[in-house]
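These are the residues of each chain, in order.
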Amino acid sequence: MGMATTASNRLLLAIVAAVAAAAAAPASGAPPAFRRVYAFGDSFTDTGNTRSTTGPYSFGYVSSPPYGATFFHRSTNRYSDGRLVVDFLAEELRLPSYLPPYLSAASDGVGVNFAVAGATAIEHDFFARNNLSVDITPQSIMTQLAWFDDHLHLKAGSSKEEVADALFWVGEIGANDYAYTVIARDTIPPKLVRNMAVQRVTTFVQGLLERGAKYVVVQGLPLTGCLPLAMTLARADDRDNVSCVASVNRQSYAHNRRLLAGLHELRRRHPAAVVAYADYYAAHLAVMRSPAAHGFTEPFRTCCGSGGGAYNFDLFATCGSPEVNTSCAQPARYVNWDGVHMTEAMYKVVAGMFFKGGHAYCRPAFSDLLARKAQGKP
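Residues numbered from 1 in each chain as written. Predicted model: local features only at pLDDT ≥ 70, side-chain atom pairs only at ≥ 80, totals over all residues. Heavy atoms only, no water.

- In the nomenclature of an unreviewed UniProt entry, the protein chain is known as GDSL esterase/lipase of Urochloa decumbens.
- In its Sequence similarities (unreviewed entry) section, the UniProt entry covering the protein chain states "Belongs to the 'GDSL' lipolytic enzyme family." (UniProt positions renumbered as here; feature names shortened; annotations may be inferred.)

### Things to note about the overall build of the protein chain
Part 1: Of the regular secondary structure elements, the protein chain holds 12 helices and eight strands.
Part 2: Here the protein chain, with 378 residues, has 53% of them falling under the buried criterion.
Part 3: For the protein chain, the proportion of contacts with a sequence separation of at least 24, taken over those separated by at least 6, is 73%.
Part 4: Carbon together with sulfur atoms contributes 56% to the accessible area of the protein chain, which is approximately 16,700 Å² in total. (Helix = DSSP H or I, 4+ residues; strand = E, 2+ residues; numbered from the N terminus. Buried < 20%, exposed > 50% of the residue type's maximum accessible area, 1.4 Å probe, protein only. Contact = heavy atoms within 4.5 Å. Areas by Shrake-Rupley, 256 points an atom, 1.4 Å probe, with all protein chains shown as cover.)

### Description of the sheet that holds strand β1 (residues 37-40)
Part 1: Taken together, the six strands give an open sheet; going across it, the order is β2-β1-β3-β4-β5-β8, and neighbouring strands pair in mixed fashion. Of all the strands in the sheet, the pair left with one neighbour each is β2 (111-113) and β8 (362-363).
Part 2: Against the sheet, helix α12 (residues 366-375) contacts β3 (167-170), β4 (215-219), β5 (274-278) and β8, and its axis sits at roughly 165° relative to β4. (Pairing = 2+ DSSP bridges. Axes fitted to C-alpha atoms, helices over the stretch in contact; angles between N-to-C directions.)

### A few points about the packing of helix α7 (residues 190-210) against helix α9 (residues 246-269)
Part 1: Direction vectors running N to C along α7 and α9 enclose 30°, while the axes themselves pass 9 Å from each other. As summarised for this structure, α7 and α9 are arranged roughly parallel, according to the angle between their axes. In this structure, α7 meets α9 at a crossing whose hand is right-handed. Contacts between α7 and α9 pair P190, R194, N195, A197, V198, V201, T202, V205, Q206 and L209 from the former with Q251, A254, H255, R258, L259, G262, L266 and R269 from the latter.
Part 2: By residue class, the composition of the contact of α7 with α9 is nine nonpolar, six polar and three charged. (Parallel < 35°, antiparallel > 145°, perpendicular 65-115°, else oblique. Left-handed = near helix turned anticlockwise from the far one by under 90°. Nonpolar A, V, L, I, M, F, W, Y, C, P; charged D, E, K, R; others polar.)

### A short note on the state of the cysteines
Think of a disulfide as a covalent bridge from one cysteine sulfur atom to another cysteine sulfur atom.
Part 1: Across all of its chains, the model carries three disulfides by this definition.
Part 2: The partner cysteine of C226 in its disulfide is C244, sulfur to sulfur 2.0 Å. Judged by the sign of its S-S torsion, about 105°, the bond between C226 and C244 is right-handed. Within this pair, whereas C226 is found in the loop between β4 and α8 (228-233), its partner C244 is found in the loop between α8 and α9, the two being separated by 18 residues in sequence. Here C226 matches C244 in class, with each residue buried.
Part 3: Note on cysteine connectivity: C303 is disulfide-linked to C328, with sulfurs 2.0 Å apart. Because the torsion about its S-S bond is -90°, the bridge between C303 and C328 counts as left-handed. Separated by 25 residues along the polypeptide, C303 in the loop between β6 (298-302) and β7 (334-336) and C328 in the loop between β6 and β7 bring together distant segments of the chain.
Part 4: Each bonded cysteine of the protein chain is numbered by sequence order, and under that numbering the disulfide pairs are 1-2, 3-6, 4-5. (Disulfide = S-S within 2.5 Å.)

### A short note on the side chain of Q206
Part 1: Secondary-structure assignment places Q206 in helix α7.
Part 2: Apart from the residues lying within four places of it in its own chain, the contact partners of Q206 are L266, R269 and H270.

### A word on the environment of T76
Part 1: Among the structural elements, T76 can be located in the loop between β1 and α2 (85-92).
Part 2: According to the relative accessible area criterion, T76 is buried, its value standing at 12%.
Part 3: Separated by 14 residues in sequence, T76 and V62 have C-alpha atoms that sit 8.2 Å apart.
Part 4: Ignoring anything within four residues of it in the chain, the contact list for T76 reads T47 and G48.
Part 5: A polar atom in the side chain of T76 sits 3.0 Å from the side chain of R78. (Polar contact = N/O pair within 3.5 Å; in protein donor to acceptor, adjacent residues only side chain to side chain.)

This is the structure in C-alpha cells:
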C-alpha cells in the first residue's frame, strides 16, 4: 500500500512538472513578436554593406579568410569569425533569415541592415573640414537614415503601419568619431566630439520616431579601452581596475551617460513609443571582470592578429591581410577577434545579456518590449 501510494505520488509529481514545463515553454506555433527589423550602426552591426574594397584602411580585408570561418565558413563581410549581435537578434525573434545588407540585392522579407563599417555619428563633412578624412568611411548615421527613406520610397506597399510594426535596432555608433579625432585633440577636444556625436544619434532616433517607429533599441558604446588597438597605443600606466585603458573607457562612459539623458528626453516627448537602451558598456564590463565565468580564457589577446606579445596585435598586419590568413585554434575562448571587433562567442554572450538579462543590460528589459508589442500597446 505504501509503495503504491509512493508510486502514485511520483506519477502525479511527474505530470505536474510536465504541465508546468509546457506552460513555461514558448508555443512553437506562436507568431514572432516582430516580423521585420531595421538595423543601423557601424562595423559591430554591419552584415555586409562593407567589403575589402570599401572598408577602413587598417581593417580592409574583411572579404578575406579567416573572417566568417567559425559559423558561415566563409567571409560574409562581417567583422568577426561568425555572427554578430544583430544576427542573434534575428535568431531570438525567430526570423526566417538574417538581415540582408542594404547594398545587396536581397529583398525586404525580414527587414534591412543599413550599418556600415567605419561609419560615424557626426557627418563626414565635419572630418573633411578638419583634414581628417584620409581613412574615414564617408557614411554617417544620417546617411543611413537617408538610405532608409530611399528604401521605403522604393518599396512598393510600405506604409506607416508597417514602420510602426517593425523593430528598429540602432547598433553602437560613435566610437569611430573618437578614433578619427584622436590626433586632433588640441583643436577638437573629446567633449566637443561627445556633444556632437550624441546630438546626431538622438536626432537620428528622433527621425525614426517621426517616421512612425514605435519600438527602438539603442546600444551604447562598449569598453573601447579594452580593445587591443587601444591597449597597444595607450601608455602602459593608463589602466583601470579591469586592466584596460582608463582614459578611453572614461570617454565611453561619459558618452553613454549623455546618450542616456538624450534618450530620456525622447521618451518624454514620445510616450507612445518604446525607446530602450542596450547597455553595451555594462555587458562588456561584466565579461572583463569575470571572463572565465563567461567561457573566456583570453580577454585581451587578438584571435586573428599578429605581433605576438600581450595583445597579438599589429596595426600594419591585421586579420585577413596577406600576413594574417589564419586565426587562433579556439576563437570561442577569445573576447576579441581582430583587434577592434569581437568574436562570435563574445557577441553571443552580449546578445544573451541584452535579451535575457532583464533591466541590468537593457532598459526597459527586452522581454518587456516584446510583451508590450504582443499586447499591441507601445
